[in-house]
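What follows is the residue order along each chain.
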Amino acid sequence: QTAREMIQEIKCRRDISIEQLEYLLTTENKDCLEMLREEAVQTAQKIYGNQVFIRGLIEFTNYCKNDCYYCGIRRSNHCADRYRLTKEEILSCTDTGYKLGFRTFVLQGGEDPYFTDERICELVSEIRQKHPDCAITLSIGEKSKESYQRYFDAGADRYLLRHETANGTHYRRLHPDELSLEHRKQCLWDLKEIGYQVGCGFMVGSPGQTTETLYEDLQFIRKLMPHMVGIGPFIPQKDTPFAREPAGTMEQTLRLLSIIRLIHPHVLLPATTALGTIHPKGRELGIQSGANVVMPNLSPVDVRDKYKLYDNKICTGDEAAECRFCMENRMKSIGYQVVVSRGDYI
Ligand code: SAM
Ligand code: FES
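Residues numbered from 1 in each chain as written. Chains lettered and ligands numbered in written order. Predicted model: local features only at pLDDT ≥ 70, side-chain atom pairs only at ≥ 80, totals over all residues.

Looking up the protein chain in an unreviewed UniProt entry gives the name [FeFe] hydrogenase H-cluster radical SAM maturase HydE, with the organism given as Roseburia porci.

Quick look at the structure:
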């Protein structure tokens, strides 16, 4: 099979074999890699044109009751400088965002017990009332189906919950025993059943990741058929158990973005901040590999640096407006237009 035939086959079958995955993740054949990238970009453009959706990210708390080994805001990290935004502060972020043209807000945080279901519902319904034309995305971890239903009824319409890895052994390498892959996957199915647009995803190059585990990730994506898939390189954070583990690479992340675009053509696929952190043009290259979403930061500047999942995070000093226009210019520079709309899954 030639490289061209292989890529066409992946595209037509919307599936990849483990041998094909192994080849695409390791080949140094420049023509093949260029073909992979071009096919992914064409696939995205056929559906979404040369448009990139922007989402305003609000990191509203860095308290977390979990202890994921990779994560800088894990509960055991006593160096983390903890904060949580008040409801008024969060609403002020969405107001600023709205004026800047954002029509999707992503509320992300650690699993912070202060934010009870009541508080989350109150927050969501106030945003919903103020901005009926906006999509509200939550990314606040694993909850019961009843809780997810309550947030949905309050007006949330999307939920991001990376599955992190679809392989049980790998999951245990990344998390303490109190967390389980079964529960995480169940949450995603529950969210889907309730009617959310859901996003799963994983870090590229997390400790213990192999071609086999990645293959399982891709098969899980094919089964779940999520509306969004968030992938970005693993980047070590100095106060975590994985401080000395090597980071994932940009190269692998870009190849995986293209592969995901080919096996799940309609997916909303962000070029993540982590990708922008490991390379100055990471987000542009992500779009040029098949991604179609960017998520500039709307969090108040004084907390940006505290939401430190990993070291050297970018954009911690820029005001929301700067991030918004910086992103627009970055996308323009590669021939893409940032669109101010909810940017729903087509
Ligand atoms: N608590 C929510 C959850 O668990 O889904 C949302 C916040 S959590 C910090 C968001 C994502 O950050 C995780 O799903 C993980 O993939 C990513 N992340 C955490 N630590 C990271 C690291 N060191 N490098 C790259 N990404 C990381
Ligand atoms: Fe909870 Fe990372 S350990 S958000």
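That was the structure; now back to the text.
Draft legend 1. Region of the structure containing the site of ligand 1. Of all residues adjacent to ligand 1, which total 19 residues, the nearest are C71, G141, R162, L309 and Y310. For the shell around ligand 1, the class distribution of residues is 10 nonpolar, 6 polar and 3 charged. (Near = placed C-beta within 6 Å. Nonpolar A, V, L, I, M, F, W, Y, C, P; charged D, E, K, R; others polar.)

Draft legend 2. The UniProt feature "domain: Radical SAM core" (unreviewed entry) in the protein chain, seen in detail. The sites that UniProt annotates as "domain: Radical SAM core" (unreviewed entry) are residues 50-272. Helix and strand shares over residues 50-272 are 39% and 17% respectively, and the end C-alpha atoms of the span are 18 Å apart. (UniProt positions renumbered as here; feature names shortened; annotations may be inferred. Helix = DSSP H or I, 4+ residues; strand = E, 2+ residues; numbered from the N terminus.)

Draft legend 3. Quick peek at the UniProt feature "binding site: S-adenosyl-L-methionine" (unreviewed entry) in the protein chain. Per the UniProt record, "binding site: S-adenosyl-L-methionine" (unreviewed entry) is annotated on E164 and R184. Separation in sequence by 21 residues is not matched in space for these annotated residues, since their most distant C-alpha atoms are only 9.0 Å apart. If you trace the backbone, E164 turns up in the loop between β5 (158-160) and α7 (168-174). The topology assignment puts R184 in helix α8 (residues 181-194). The class for R184 is buried, based on 20 C-beta atoms found within 10 Å. (Buried ≥ 20, exposed ≤ 12 C-beta atoms within 10 Å, placed from the backbone.)

Draft legend 4. Examining helix α9 (residues 211-224) more closely. Taking 1.5 Å of rise per residue, the 14 residues of α9 would be expected to cover 20 Å, and the 20 Å separating its terminal C-alpha atoms lies within 8% of that figure. In this fold, the buried residues of α9 make contact with α2 (18-26), α8, β6 (197-204), β7 (228-233) and α10 (250-263). (Expected span 1.5 Å × (residues − 1). Contact = placed C-beta atoms within 7 Å.)

Draft legend 5. Broad picture of the environment of E59. Mapping E59 onto the fold places it in strand β2 (residues 56-61). Overall, the presence of 25 C-beta atoms within 10 Å leaves E59 in the buried class. In the structure, E59 is positioned 51 residues away from G110 in sequence and 8.8 Å away in space, judged by C-alpha atoms. Once residues lying within four places of it in the same chain are set aside, the contact partners of E59 are Q108, G109, S299, V303 and Y307.

Draft legend 6. Region of the structure containing the sheet that holds strand β3 (residues 104-109). Taken together, the 6 strands give an open sheet; going across it, the order is β2-β3-β4-β5-β6-β7, and neighbouring strands pair in parallel fashion. Since the sheet does not close on itself, it has two edges, and those belong to β2 and β7, each with one partner. Taking the axes of each pair of neighbouring strands and ignoring which way they run, one obtains an average angle of 20 degrees across the sheet. Pairing of β2 with β3, which is carried by 5 bridges, proceeds in the parallel orientation. From the neighbouring strand, G56 faces β3, where its bridge partner is F105. In the packing of α10 onto the sheet, contacts are made with β6 and β7, and the angle to β7 comes to roughly 165 degrees. (Pairing = 2+ DSSP bridges. Axes fitted to C-alpha atoms, helices over the stretch in contact; angles between N-to-C directions.)

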